[in-house]
Amino acid sequence: MNPPLRSHVRSRSRSWTLNLLYAWEVAGEGTPLEHARRILAHRRMSARYRPHVERLLETVSGNLPEIDAAIGRHASNWRLERLHVIDRNILRIGIAELRWLDDVPPRVTIHEALKLATRYGSPESPRFLNGVLDAVLKAGEGEP
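Residues numbered from 1 in each chain as written. Predicted model: local features only at pLDDT ≥ 70, side-chain atom pairs only at ≥ 80, totals over all residues. Heavy atoms only, no water.

1. Observations regarding the layout of surface pockets
Thought 1: Put simply, the largest pocket is a space of about 160 Å³.
Thought 2: The wall of the largest pocket is formed by Trp78, Leu83, His84, Asp87, Ser122, Glu124, Ser125, Arg127 and Phe128.
Thought 3: For the lining of the largest pocket, the leading source of residues is helix α7 (residues 125-138), giving three residues.
Thought 4: Looking at the lining of the largest pocket residue by residue, the classes come out as three nonpolar, three polar and three charged. (1 Å grid on protein atoms, 1.4 Å probe; cavity = no way out; pocket = protein on both sides within 12 Å on 5 of 7 lines; lining within 4 Å. Points joined across faces, edges and corners; volume = space filled by probe spheres on them. Helix = DSSP H or I, 4+ residues; strand = E, 2+ residues; numbered from the N terminus. Nonpolar A, V, L, I, M, F, W, Y, C, P; charged D, E, K, R; others polar.)

Following this line, the structure appears as structure tokens:
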């Protein structure tokens, strides 16, 4: 089990992860983890954020087909490729945390996703993402 992290470290790590996933999608090559490692080889990141960022990226990258399938099941009337890139990647982080990282309570994961959506998404993003992540949780897909 990983040692507990302060909430601000986790929050900042999620922001880093979102930015790295965004860069991966824009580049359109490799896996999220491979692309992030190339970027991080040339960018500075505090040592306190790196372990959780890598953990999130490994989880998303290693489970991407399953995560994207869950988004497809619960994002009513939206195809994955039609979702805004920010919303899509916040959902990926949230579902990865809900499903595979059991050291964060589900409601905290959802709250943190909504904070990211408020900061980086559109005005409609928080409501939409809340609905999708809540549906994932209620369907039992958010349980490790």
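2. A word on the packing of helix α6 (residues 106-120) against α7
Thought 1: In the contact formed by α6 and α7, the axes pass within 9 Å of each other and the chain directions differ by 155 degrees. Taken as axis vectors, α6 and α7 run roughly antiparallel relative to one another. Along this stretch, α6 crosses α7, giving a crossing that reads as right-handed. Packed against α6, whose contacting residues are Pro106, Arg107, Ile110, Ala113, Leu114, Ala117 and Thr118, the element α7 presents Ser125, Pro126, Leu129, Asn130, Leu133, Asp134 and Leu137 at the interface.
Thought 2: Its residues placed into classes, the contact of α6 with α7 shows nine nonpolar, three polar and two charged. (Axes fitted to C-alpha atoms, helices over the stretch in contact; angles between N-to-C directions. Parallel < 35°, antiparallel > 145°, perpendicular 65-115°, else oblique. Left-handed = near helix turned anticlockwise from the far one by under 90°. Contact = heavy atoms within 4.5 Å.)

3. Focus on helix α2 (residues 32-40)
Thought 1: Taken residue by residue, α2 has Pro32, Leu33, His35, Ala36, Ile39 and Leu40 as its buried positions. Projected down its long axis, α2 shows its buried positions confined to an angular sector of 160 degrees, all on one face.
Thought 2: Among the structural elements, α1 (7-27), α3 (50-62) and α4 (64-74) are those in contact with the buried residues of α2. (Buried < 20%, exposed > 50% of the residue type's maximum accessible area, 1.4 Å probe, protein only. Arc of directions from axis to C-beta.)

4. A few points about α6
Thought 1: The end-to-end C-alpha distance of α6 is 21 Å, a good match for the 21 Å that 15 residues give at a rise of 1.5 Å each.
Thought 2: Of all the residues in α6, the buried ones are Thr109, Ile110, Glu112, Ala113, Leu116 and Ala117. Buried positions in α6, seen along its axis, are confined to an arc of 160 degrees and lie on one side of it. Opposite its buried face, α6 presents the exposed residues Arg107, Thr118 and Arg119, each directed more than 90 degrees away.
Thought 3: Those residues of α6 that are buried lie in contact with α1, α5 (85-100) and α7. (Expected span 1.5 Å × (residues − 1).)

5. As for the nonpolar core
Thought 1: Counting 40 residues, the largest nonpolar core has Leu20 and Ile90 as its most contacted members.
Thought 2: Mapped by element, the contributors of at least two residues to this core are α1, α2, α3, α4, α5, α6 and α7.
Thought 3: Element by element, the count of residues in this core is highest for α5, at eight residues.
Thought 4: Here leucine 20 is in contact with Ala36, Ile39, Leu40, Met45, Val53 and Leu57, once residues within four sequence places are set aside. (Core = buried A, V, L, I, M, F, W, Y, C linked by side-chain atoms within 4.5 Å.)

6. Some words on the side chain of aspartate 87
Thought 1: Here aspartate 87 lies in helix α5.
Thought 2: No salt bridge is formed by the buried aspartate 87; the nearest opposite charge belongs to arginine 88, separated by 9.0 Å.
Thought 3: Among the polar contacts made by the side chain of aspartate 87, one reaches the side chain of serine 125 at a distance of 2.7 Å. (Lys, Arg positive; Asp, Glu negative; His and termini not counted. Salt bridge = Lys/Arg side-chain N within 4 Å of Asp/Glu carboxyl O. Polar contact = N/O pair within 3.5 Å; in protein donor to acceptor, adjacent residues only side chain to side chain.)

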